[in-house]
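# Architecture and fold: a report
Residue strings, one per chain:
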Amino acid sequence: MSKGILLVANKKSGAQCENLIYSIRQSGCMLPIRLIHFGGREIESRYVLNEVEFMHFEDFSKEAQNFIAQLRSVLTDCPLGYLYRYLGWFTDWDEFIYSDNDIVALMNWEKLFEYDIRFDLIHADEEYLTKGIFNYDKPEEIEHIFGKGSLETAITAGHILVRKSDKMIADIIAAIEWFRQYPYIPKKHDQALLHIASLLGNWHCLNLCKPPHLWLSSWAGDYKNSLALVQAIQNAESKITHLHYSGRSPNGSNAMDELLYSYLPEKKRVNKLYKALLNEVSGFNTIQSFYKRGKDYFERKFKHI
């Protein structure tokens, strides 16, 4: 079966994308990679462009473009480029891994395709522990509609392995209609819709972080520093597929952020760390964070005016 890795990036996310691809290749994974342009200024990294097949939204079929337009009609709380992960269902691959850029590969992802072909979607995260607060404005309604335990099937859409089928596309379209029927329940972003599609379609999903596999958490925020990560991996029963720096924009000042500079030669890495630490101690990062939060708030509040 044909398979590959799908990424979405632009110049702004170029450094993280380069580190991601570097970590994928250094882990031994040689799957083909396709990179879809997110929008804005195009990625310029020569290393990245040499490793990927670079694509634009317009390179996909009219059916795929119309599908994204349908998604956009209900997913109004995230940039359009976020929805391009769904274009994976319209590639010529039978199976694919989609990955966000703020991820570091910690194993050969080709091994993930070895799990039972009966699984429609494979992931490794602890989103199921959040009780739906990041996906829904009224998470209690999900269990009322879909039954007890339905919130525990949550998926972090930033890293997923998908085994494509026409049924999955139909289920996603059904989820779009569900969003229209219950607009007061979900947050209007792609991760919530993916979860609803999986519930409506009764997808067979495998979360490697849940029993019986009990893989380590893939969220970088669960580790104090690199030492904590290394020590956790020493457990012979534990595996980990990747680290995901979601929930914040890693600025390099956190102890775990250093893994995001793995692709850099020593001198450039030191310069990056020096700049990151200088921004932290000067208070620049705090000011920038408040500015971004304020900007995002006003954009959400007044976007329909």
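Above: the structure in question.
Below you will find a few notes about this structure. In this text, all values refer to a predicted model and were calculated from it rather than measured experimentally.

To continue, consider a nonpolar patch on the surface. Taken together, the side chains of Tyr 274, Leu 278 and Val 281 define a hydrophobic patch exposed on the protein surface, amounting to about 360 Å² of accessible area. Positionally, Leu 278 belongs in helix H8 (residues 266-282).

The omega torsion across Pro 211 and Pro 212 is 5°, close enough to zero to call that bond cis. With respect to the helices, strands and loops of the structure, Pro 212 is situated in the loop between strand E8 (205-207) and helix H7 (226-233). Phi is positive for Asn 202, which is not a glycine, with a value near 50°. Within the secondary structure layout, Asn 202 lies in the loop between helix H6 (190-200) and E8. The exposure class of Asn 202 is exposed, given its relative accessible area of 58%. Its identity as a non-glycine residue notwithstanding, Leu 214 has a phi of 55°, on the positive side. Counting through the fold element by element, Leu 214 comes out in the loop between E8 and H7.

Attention now moves to the pairing of strand E4 (residues 95-99). Burial analysis of E4 places 5 of its 5 residues in the buried class, the great majority of the element. Of the two faces of E4, both are covered, the one formed by Glu 95, Ile 97 and Ser 99 as well as the one formed by Phe 96 and Tyr 98. Pairing of strand E1 (residues 3-9) with E4 involves 4 bridges; the strand directions are parallel. Within the sheet, the bridge partner assigned to Gly 4 lies in E4 and is Phe 96. Two elements, E4 and strand E7 (residues 159-163), share 5 bridges in a ladder whose sense is antiparallel.

Close contact between helix H3 (residues 62-72) and helix H5 (residues 166-181) brings their axes to 10 Å; oriented N to C, the two are set at 25°. Here H3 lies roughly parallel to H5, going by the angle between them. In this structure, H3 crosses over H5, and the sense of that crossing is left-handed. The segment H3 lies against H5, with Phe 67, Gln 70 and Leu 71 engaging Ile 169, Ile 172, Ile 173, Ile 176 and Arg 180. Of the residues belonging to the contact of H3 with H5, the class tally is 6 nonpolar, 1 polar and 1 charged.

By secondary structure assignment, the location of Asn 135 is in the loop between strand E6 (121-123) and helix H4 (139-146). Using a relative accessible area of 2% as the deciding quantity, one classes Asn 135 as buried. Reaching out from Asn 135, the side chain makes a polar contact with the side chain of Gln 191 at a distance of 3.1 Å. Ignoring sequence-local partners within four residues, the contact set of Asn 135 consists of Glu 127, Ala 154, Pro 186, Lys 187, His 189, Gln 191 and Ala 192.

Pairs of aromatic rings are described using the distance from one ring centre to the other and the angle between the two planes. Overall, the coordinates contain 11 aromatic pairs when judged by the stated rule. Residues Phe 67 and Phe 90 carry aromatic rings whose centres are separated by 5.1 Å and whose planes lie at 55° to one another, so their mutual orientation is tilted. On the criterion of sequence distance, the pair formed by Phe 67 in helix H3 and Phe 90 in the loop between H3 and E4 is long-range, its members being 23 residues apart. Judged by centre distance (6.5 Å) and plane angle (70°), the ring pair of Tyr 115 and Trp 215 falls under edge-to-face. With a gap of 100 residues between them, Tyr 115 in the loop between strand E5 (103-105) and E6 and Trp 215 in the loop between E8 and H7 connect regions that are remote in the sequence. What links up through ring pairs into an aromatic cluster is the set Phe 67, Tyr 86, Trp 89, Phe 90 and Phe 96. In this structure, Arg 34 packs its charged tip against the face of Trp 93, placed 4.3 Å from the ring centre. Above the ring of Tyr 128, the side-chain terminus of Lys 210 is found at 5.0 Å from the ring centroid.

On the basis of which strands lie adjacent, the open sheet formed by 7 strands has the order E3-E2-E1-E4-E7-E6-E8 and mixed pairing. At either margin of the open sheet sits one strand with a lone partner, and together these are strand E3 (52-55) and E8. Recorded for the sheet is a direction-independent mean angle of 20° between the axes of neighbouring strands. In the packing of helix H1 (residues 14-26) onto the sheet, contacts are made with E1, strand E2 (33-37), E3 and E4, and the angle to E1 comes to roughly 160°.

Turning our attention to the packing of H5 against H6. Contact pair H5 / H6: the axes reach a minimum separation of 8 Å and the direction vectors enclose 115°. The angle between H5 and H6 places the two elements in the roughly perpendicular class. For H5 against H6, the interelement crossing comes out right-handed. Listed contacts from H6 to Asp 171, Ile 172, Ala 174, Ala 175, Ile 176, Trp 178 and Phe 179 of H5 are Ala 192, Leu 193, Ile 196, Ala 197 and Leu 200. Residue classes in the contact of H5 with H6 are distributed as 11 nonpolar, no polar and 1 charged.

Rules of the game
- Residues numbered from 1 in each chain as written.
- Predicted model: local features only at pLDDT ≥ 70, side-chain atom pairs only at ≥ 80, totals over all residues.
- Heavy atoms only, no water.
- Patch = residues over 30% accessible without salt bridge, like charges linked within 9 Å, V, L, I, M, F, W, Y side chains within 5 Å.
- Areas by Shrake-Rupley, 256 points an atom, 1.4 Å probe, with all protein chains shown as cover.
- Salt bridge = Lys/Arg side-chain N within 4 Å of Asp/Glu carboxyl O.
- Helix = DSSP H or I, 4+ residues; strand = E, 2+ residues; numbered from the N terminus.
- Buried < 20%, exposed > 50% of the residue type's maximum accessible area, 1.4 Å probe, protein only.
- Pairing = 2+ DSSP bridges.
- Axes fitted to C-alpha atoms, helices over the stretch in contact; angles between N-to-C directions.
- Parallel < 35°, antiparallel > 145°, perpendicular 65-115°, else oblique.
- Left-handed = near helix turned anticlockwise from the far one by under 90°.
- Contact = heavy atoms within 4.5 Å.
- Nonpolar A, V, L, I, M, F, W, Y, C, P; charged D, E, K, R; others polar.
- Polar contact = N/O pair within 3.5 Å; in protein donor to acceptor, adjacent residues only side chain to side chain.
- Phe/Tyr/Trp six-rings, centres within 6.5 Å; stacked < 30°, edge-to-face > 60°.
- Lys NZ or Arg CZ within 6 Å of the ring centre and 35° of its normal.

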